[in-house]
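One-letter residues, chain by chain:
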Amino acid sequence: MFIVKASSDFAAKRVEYLYDAMKRDKKCDTSFAVRGRYFYAHLVVLSAYSEFFSRNIDKLSETFSPFEFDVIDAILKYCYTGEISIADRHYDKLMELANRLEVKIPPRHETVDLSNCLEVLKSTEDSELKTEAMDLTLGNFETLHKTKDFLNLPLFNVNEILKSNYLNVPSEEDVFNAVKLWVNHDNANRKSDLAELMRSVRLSLLSMEFFIDEVLTFCHSCADCMTTLRQAVKDKKDKSFVPRETPRRIIQKMALVGGNYLDVANTIDIFDGLKNSWSLSKNIGINKSSFASVLVGDWIVIIGGYNFSNGSMTSVEYIDLKSGQKKPLKPLNQARYDFSAVTLRRGSSTDVYAIGGSDGDNLSSVERWSSNTGDWEIIAPMLVAISDHSASVIADKIYITGGEPSENGKWLSTNKLQMYSVETNSWTYRAQMIQRRHRHSSVVFKGKLYVAGGHDWQTRTYLDSVEHYDPNANVWTAFIKLPQAADGISLGCFKNKLFSMGGFNKSDVWEYDETNKSWKASTSLSRIRFGAVAHVIPYDSII
């Protein structure tokens, strides 16, 4: 037997040839006219997408006549190539024509939310949207796996979800229950998929009772499953057996760390995503306020700060989220408070940057701590000395927004944006914010830098304004205002949602509702918290 297999792009090239022939009216057997313009096509290609064409070959001119040429061109191209590129203003008409022609076009998704994330995961080819949809699915799996959209997912998508180490479930039993629901939804056709799905369930993490009562009972008729299940039973009976599978990394807590008052800064507000409630940690004995904090692995690192006995401070310590213990690290070179801090990966090191702030006078100095050496080093200073600014990281660049510079002894607010490049160890100015502000907050959300709230010294105004920055376009755009003006708020991202928390004399929490394009009230903090930083931490953290 002689077998030849064409290259992987063989089919794509044939499609390109046919589409090119259609555009040049070569070897076409179908045509129709719309307002004096003729369109040509191959009936076999059109009919492959919809039988409407072969049933209504004599009525195509009538069917297409109400639509603009751009829409007609787009639908014909889709029938040949499976791709559409058309202006937003034509989208509704495109879908109207597709429905008339019985051509199925996947829905367009400009944003991803809980109502469409599973559909986006199944249908989109856009890698950015797909990532957002997967993150949202994993974070809300406990609710989503019971929906019709989940039960209608193809095997590939279900497996992709269940294999993830970041699947948000209270226990591994919920993963098996999701498999059971999905298979039973179409048992006749899906029973053969059971063995493959069971390989995504971490059997060693299930209790023996659940394993026998539920797993073996459901899978006993699946011959392909039984070899794996018998080994799991043997392992569970072996008391010396150590589970080879690690638990899911459930990330379901948000920690609001620090503040501008000592009694508040000595505790951490913790939001439990399962219980939808805030609780207050014990007094962790930080004994300073106005410090900066960052997350390094399972550590919350507390940097610098201020107290009335010692003034501005150089001390650095970390709180181990697994043990709850607090331990010291090497101190800063420069005492500072009301500054910002971020982390960046550099080679094998996780680096911490302490930026600007005050030591009685404003600082432009920046220093960097390396997890490899444990030392702080001085690096290139900012372009202006400021305090009460905010820092965020996008694609290995540090962005410093606003802050309080001083000029001839007079305090001001600025709208400047400074950007630091690790590669060149240098700072440059980028596009200025729409609103000057200090004591505000910033966070990266869906690839853009959001800033909100704060204070404008020059007008003595507390701010409710929100704006976001596109680093690729170097442009700021106004966003939906907060429900109330406040400085010292904290922005955070949790489960793919944007939150604004606290502020001066405030414990309110607001969640941005993407569907309704508005801020809505969420569960309030345990207490008023002003000038804190939000971190997403593992659910099993002990603090």
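All values derive from a computational prediction rather than experimental measurement.

Reading the values: the criteria
Residues numbered from 1 in each chain as written. Predicted model: local features only at pLDDT ≥ 70, side-chain atom pairs only at ≥ 80, totals over all residues. Heavy atoms only, no water. Helix = DSSP H or I, 4+ residues; strand = E, 2+ residues; numbered from the N terminus. Buried < 20%, exposed > 50% of the residue type's maximum accessible area, 1.4 Å probe, protein only. Areas by Shrake-Rupley, 256 points an atom, 1.4 Å probe, with all protein chains shown as cover. Pairing = 2+ DSSP bridges. Axes fitted to C-alpha atoms, helices over the stretch in contact; angles between N-to-C directions. Parallel < 35°, antiparallel > 145°, perpendicular 65-115°, else oblique. Left-handed = near helix turned anticlockwise from the far one by under 90°. Contact = heavy atoms within 4.5 Å. Nonpolar A, V, L, I, M, F, W, Y, C, P; charged D, E, K, R; others polar. Salt bridge = Lys/Arg side-chain N within 4 Å of Asp/Glu carboxyl O. Phe/Tyr/Trp six-rings, centres within 6.5 Å; stacked < 30°, edge-to-face > 60°. Lys NZ or Arg CZ within 6 Å of the ring centre and 35° of its normal. Patch = residues over 30% accessible without salt bridge, like charges linked within 9 Å, V, L, I, M, F, W, Y side chains within 5 Å. Core = buried A, V, L, I, M, F, W, Y, C linked by side-chain atoms within 4.5 Å.

Trainee: What should I look at first to understand the overall build of the protein in this one?
Mentor: Helix and strand counts for the protein stand at 17 helices and 32 strands. Each principal axis of the C-alpha atoms in the protein carries an extent, and together these give about 90 × 70 × 50 Å. Of all 543 residues assigned to the protein, the portion counted as buried reaches 49%. With an accessible surface of roughly 26400 Å², the protein has 49% of that area assigned to carbon and sulfur atoms.

Trainee: In this structure, what is going on with the sheet that holds strand β15 (residues 376-379)? I would like to understand it.
Mentor: The strands making up a sheet associate through hydrogen bonds between their backbones, and the pairing can be parallel or antiparallel. The strand order across the open sheet formed by 4 strands is β12-β13-β14-β15, and the pairing between neighbours is antiparallel. Strands at the two margins of the open sheet, each flanked by one partner only, are β12 (340-346) and β15. For this sheet the average axis-to-axis angle between neighbouring strands, irrespective of direction, equals 30°.

Trainee: How should the packing of helix α12 (residues 172-185) against helix α15 (residues 208-219) be read in this particular structure?
Mentor: Relative placement of two packed helices is described by the angle separating their axes and the distance separating the axes. For the pair α12 and α15, interaxial distance at closest approach is 12 Å and the crossing angle is 20°. Overall, the two elements α12 and α15 adopt an arrangement that is roughly parallel. The handedness of the crossing between α12 and α15 is left-handed. Together, Glu-173, Phe-176, Asn-177, Lys-180, Val-183 and Asn-184 of α12 and Phe-210, Glu-214, Val-215, Phe-218 and Cys-219 of α15 make up the contact between the two elements. Of the residues belonging to the contact of α12 with α15, the class tally is 6 nonpolar, 2 polar and 3 charged.

Trainee: Just checking my understanding: could you explain the side chain of Ser-290 for this structure?
Mentor: Among the structural elements, Ser-290 can be located in the loop between β5 (277-280) and β6 (292-296). The exposure class assigned to Ser-290 is buried, which follows from its relative accessible area of 11%. Residue contacts for Ser-290: discarding those within four places in its chain leaves Gly-259, Asn-260, Gly-305, Tyr-337, Asp-338 and Phe-339.

Trainee: What is the right way to look at the pattern of salt bridges in this model?
Mentor: A side chain of one charge can pair with a side chain of the opposite charge when the charged atoms of the two come close. Evaluated as defined, the whole model comprises 20 salt bridges. Residue Arg-55 pairs with Glu-102 through a salt bridge whose shortest N-O separation is 2.8 Å. Of this pair, Arg-55 sits in helix α3 (residues 52-55) while Glu-102 sits in the loop between α6 (91-101) and α7 (117-123), and the two are 47 residues apart along the sequence. A salt bridge links Glu-132 to Lys-446, with the nearest nitrogen and oxygen atoms 3.4 Å apart. One end of the pair, Glu-132, is in helix α8 (residues 127-139); the other, Lys-446, is in the loop between β22 (441-445) and β23 (448-452), with 314 residues separating them in the sequence. A relative accessible area of 12% places Glu-132 in the buried class. Classification of Lys-446 by relative accessible area gives partly exposed; the value is 24%.

Trainee: Before we go on, may I ask you to explain the packing of aromatic side chains in this structure?
Mentor: Geometrically, a pair of aromatic rings is defined through the distance of the ring centres and the angle of the planes. The full count for this structure, using the stated rule, is 24 aromatic pairs. An angle of 85° between the planes, with centres 5.6 Å apart, marks the rings of Phe-141 and Phe-150 as edge-to-face. When sorted by exposure, Phe-141 lands in the same class as Phe-150, which is buried. Between the aromatic rings of Phe-176 and Phe-218, the centroid separation amounts to 6.0 Å while the plane-to-plane angle is 85°, which identifies the pairing as edge-to-face. Here Phe-218 lies in helix α15 and Phe-176 lies in helix α12, a separation of 42 residues in the sequence. By relative accessible area, which is 0% here, Phe-176 ends up buried. Of the residues examined, Phe-218 reaches a relative accessible area of 11% and is grouped as buried. In textbook terms, an aromatic cluster arises when at least three aromatic residues are bridged by ring pairs, as seen for Phe-445, Tyr-450, Phe-479, Tyr-512 and Trp-519. Above the plane of the ring of Trp-182 lies Arg-190, whose end atom (NZ or CZ) is 4.0 Å from the centre. Against the face of Phe-218 rests Lys-191, its NZ or CZ located 4.5 Å from the ring centre.

Trainee: Would you take a moment to explain a nonpolar patch on the surface for this structure?
Mentor: Residues Tyr-261, Tyr-462 and Phe-504 make up a contiguous nonpolar surface patch of about 300 Å² in total accessible area. With respect to the element layout, Tyr-261 can be found in the loop between β3 (253-257) and α17 (262-265). Looking at Tyr-261, the relative accessible area reads 42%, which means it is partly exposed.

Trainee: Just checking my understanding: could you explain the nonpolar core for this structure?
Mentor: General note: in soluble globular proteins, nonpolar side chains tend to be found buried as a group. Counting 45 residues, the largest nonpolar core has Phe-150, Ile-161, Leu-194, Met-198, Val-215, Cys-219 and Leu-229 as its most contacted members. Per-element accounting of this core gives the leading share, 6 residues, to α12. Among all residues touching Met-198, those that are not within four sequence positions of it are Phe-176, Val-179, Leu-203, Val-215, Cys-219, Cys-225 and Leu-229.

Trainee: Help me understand helix α11 (residues 155-162), please; the structure alone is not making it clear to me.
Mentor: Since there are 3.6 residues in each turn of an α-helix, residues three or four apart along the chain are aligned in direction. By the criterion of burial, α11 is predominantly enclosed, with 6 of the 8 residues buried. Residues Leu-155, Asn-157, Val-158, Asn-159, Ile-161 and Leu-162 constitute the buried set of α11. Where α11 is buried, its residues contact α7, α8, α9 (141-144), α10 (148-151), α12 and α14 (194-198).

Trainee: Any chance you could explain the sheet that holds β22 here in plain terms?
Mentor: Read from one edge of the open sheet, 4 strands run β22-β23-β26-β27, paired in antiparallel fashion. In this open sheet, the two edge strands, each paired with only one partner strand, are β22 and β27 (475-479). Between one strand axis and the next, the sheet turns by 25° as a mean value, whatever way the strands run. In terms of strand pairing, strand β26 (residues 466-470) meets β27 through 5 bridges, oriented antiparallel. Counterpart to Val-466 in the pairing with β27 is Phe-479.

Trainee: What is the right way to read unusual backbone geometry from this model?
Mentor: Comment: phi is negative for the bulk of residues other than glycine, and the bulk of peptide bonds are trans. At Arg-35, a residue that is not glycine, the phi angle is positive and equals roughly 50°. Looking at where Arg-35 falls in the secondary structure, it is placed in the loop between β1 (30-34) and β2 (37-41). Looking at Arg-35, the relative accessible area reads 52%, which means it is exposed. At Lys-517, a residue that is not glycine, the phi angle is positive and equals roughly 55°.

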